[in-house]
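What follows is the residue order along each chain.
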Amino acid sequence: MTGDHTFFQNRDCRYFPCHSGVDEAEFNCLFCYCPLYALGEECGGNFTYSDKGNKNCKNCARVHEKGGYDLVKRLYPVISAVAGRKGAKRREGWAVFAFSVVGHELAKKLAGSFDEPCERFIPARLGGRCDGAVLTDDFKIQVSKAFYEKKALIFIGAAGIAVRLTAPCIRSKTEDPAVICVDEKGRNVIPLLSGHIGGANELAKRLAVALNADAVITTATDINGLEAPDMYAKAGNLSIADMEAAKQGAAKMLEGLPVSYVTTPYTDISLKEGEMHLIPRCLILGVGCKRNTEISAFREFVEEELEKLHLSGKAVRAVSTIDLKKDEGAVLGLADYFDTETAFFSAAELEKAKGDFAPSGFVREVTGVDNVCERAVAAYSEKYGLSAEMLLKKTCKDGMTLAIGQVDDSGTPPAFLPQRVRCVAPSTARACDPAGGFITAGVSTGVMKVVLFAGTTEGRIVAKALIDEGAQLTVCTATDYGAQLIPEGCRVISGRLDADEMYELMAGEGFDKVVDATHPYALEVTENIRNACERLGLLYERIERSESETIEDERVIYFDGLDEAVAFLK
């Protein structure tokens, strides 16, 4: 038995050497249990999966080679990140726990009714009577493991058992999986935890159909036919900035009061009383870094730049870079920290990206392409057919590089769409627009009947977006010129409408939603539209222009208001 802090052997072990492919004299026992196992398919080893989905590493000796210590040390940042990351990203499949033979038969029926990977657990004492199930003497351990790995935990038995076994694992409604209880006779399916964000309510309904049972939904907004804020957010792939505000919003809806949403990736917003901030997943982090960069340093660098731009980390949609960084701990750890996906592109793919990028001869020499971070943003958006706007050009610090792009799913550059949109949803059970502020986000909500009050710029763009979405659209313009700008495929009403005419139009047509894209200075028009929507309980959206940038030019004169400009012209 020899060794130091990087190499160790235990030849007295009856399994030595436990893996083939390494000379016995070089076989390193330092890591008896592989630290890379938790990385799944990203571990880089020679592994296979069994029919049951278990990882089989018998043909892999990666950490047992003499350089195993250095390998694990290099990948430690990502191992650490995986150990502490949010469970929602890696959740897959269901875990079904049954406590009797009758319960296990019901578990088998559920597993056979869906394509979802399903692992069944039963008491060890039932071994031999329940085929295909995992036998266990300690449900606490199995439930704890499943709680952080599975999308749903289904208990066949008493609700009390499910409550006691899952109680120690509960963290928050934004992270916990769906937990459902089904009685042994299959008569009732009861969601116990994460009804909305975790999807327990919807899953309970699916299970009830399969079992010809009753789904016992107890969530107040659901039983009152209302779409709660967290359901609205989930439908549009939005994050809730403040869960306490979401709870208060749901309570308001139950009281029959309107609920307001502000959808934007920005944090420097002024919320009105009762408004909630929803954050779209719309930011692409194009990154690069030197080998063995510390994950903590990389994370701090990215957070600093996001903070400078007043952007929320919850808006990060992907971490994109060159494929040379596939096993870079700092890159993988960064994606885990933001609970998002990674995207890797070859040098050739990055070279094809379209845009104006800051070139570097050194970067080309090392990677084969003159720019990684900016091109990685463009390559990601082009791969998925998204429009993109570069919010942060290539920025460097201590061997780390970052570019930040904003994408939307509409095919229209975000620069021509409003960055911030206020969405007012009535307390009535109307279908909310899951696209939120990104009106053309490509989320199908069925055919909606929409009336658009249009100006000359935003009106044309928004009308096209709504037509492309398949909405049954009526557009109201103040002038004939504005009407001429509206694309074909919708009904156009030209001429100014007063408050009573607006109300009569909305009341008589049965619209699902009203979109106000009138000029920012048309304050009276906006007020009339708002009042009509409030009286009729209609879903209202106001398109607000982003503030114009100040132009530094001696030929440009700025005034504090319209009166001052008129006085000057006189």
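See the structure above.
Here the structure is a predicted model, which means the values were calculated and not measured.

## A short note on unusual backbone geometry
Thought 1: One non-glycine residue, His310, adopts positive backbone phi at about 60°.
Thought 2: Position of His310 relative to the elements: it lies in the loop between α9 (295-308) and β14 (316-322).
Thought 3: For His310, a relative accessible area of 38% puts it in the partly exposed group.
Thought 4: The backbone of Asp398 sits at a positive phi, close to 50°, despite the residue not being glycine.
Thought 5: Positionally, Asp398 belongs in the loop between β16 (387-397) and β17 (400-408).

## Some words on the sheet that holds strand β15 (residues 341-345)
Thought 1: With respect to topology, five strands assemble into an open sheet ordered β15-β14-β13-β17-β16, the strand pairing being mixed. Two strands bound the open sheet, and with one partner strand each, they are β15 and β16. Averaged over neighbouring strand pairs, the angle between their axes works out to 20° when direction is ignored.
Thought 2: Note that strand β13 (residues 283-289) and β17 share seven bridges and pair antiparallel. The partner of Gly286 across the bridge, within β17, is Ala403.
Thought 3: Across the sheet, α9 lies against β13, β14, β16 and β17, angled at about 50° from β17, the strand it touches most.

## Remarks on the sheet that holds strand β6 (residues 152-156)
Thought 1: Pairing in this open sheet of seven strands is mixed, and the strands run β5-β4-β3-β6-β7-β8-β9 from one edge to the other. Strand pairing shows two members of the sheet lacking a second neighbour, β5 (134-136) and β9 (214-215), which therefore form its edges.
Thought 2: Taken together, the five bridges between β6 and strand β7 (residues 178-182) define a ladder with parallel strand orientation. Pairing of Leu153 across the sheet is with Val179, part of β7.
Thought 3: Strands in contact with helix α2 (residues 101-113) are β3 (94-98), β4 (118-123), β6 and β7; relative to β4, the strand with the most contacts, it is inclined by about 175°.
Thought 4: Strands in contact with helix α4 (residues 159-166) are β6, β7 and β8 (188-193); relative to β6, the strand with the most contacts, it is inclined by about 140°.

## Focus: helix α10 (residues 329-337)
Thought 1: Of all nine residues that make up α10, eight are buried, and the element is covered over most of its length.
Thought 2: Along α10, the positions that sit buried rather than exposed are Gly329, Ala330, Val331, Leu332, Gly333, Leu334, Ala335 and Asp336.
Thought 3: Just downstream of α10, Asp339 is the residue with a positive phi angle, here 55°.

## Focus: a nonpolar patch on the surface
Thought 1: Together, Ile557, Phe568 and Leu569 give the surface a local cluster of nonpolar side chains, amounting to about 360 Å² of exposed area.
Thought 2: As for its position among the elements, Leu569 is in helix α18 (residues 562-569).

## Considerations on the pattern of salt bridges
Thought 1: The final tally for this structure, using the stated rule, is 16 salt bridges.
Thought 2: Here Lys151 and Glu116 are joined by a salt bridge, their closest N and O atoms 2.9 Å apart. Of this pair, Lys151 sits in the loop between α3 (139-149) and β6 while Glu116 sits in the loop between α2 and β4, placing them 35 residues apart in sequence.
Thought 3: Looking at Lys151, the relative accessible area reads 38%, which means it is partly exposed.
Thought 4: One salt bridge in this structure joins Lys513 and Glu541, with 3.8 Å as the shortest N-O distance. In this pair, Lys513 sits in strand β22 (residues 513-517) while Glu541 sits in strand β23 (residues 539-544), placing the two residues 28 residues apart along the sequence.

Rules used in this analysis
- Residues numbered from 1 in each chain as written.
- Predicted model: local features only at pLDDT ≥ 70, side-chain atom pairs only at ≥ 80, totals over all residues.
- Heavy atoms only, no water.
- Helix = DSSP H or I, 4+ residues; strand = E, 2+ residues; numbered from the N terminus.
- Buried < 20%, exposed > 50% of the residue type's maximum accessible area, 1.4 Å probe, protein only.
- Pairing = 2+ DSSP bridges.
- Axes fitted to C-alpha atoms, helices over the stretch in contact; angles between N-to-C directions.
- Contact = heavy atoms within 4.5 Å.
- Patch = residues over 30% accessible without salt bridge, like charges linked within 9 Å, V, L, I, M, F, W, Y side chains within 5 Å.
- Areas by Shrake-Rupley, 256 points an atom, 1.4 Å probe, with all protein chains shown as cover.
- Salt bridge = Lys/Arg side-chain N within 4 Å of Asp/Glu carboxyl O.

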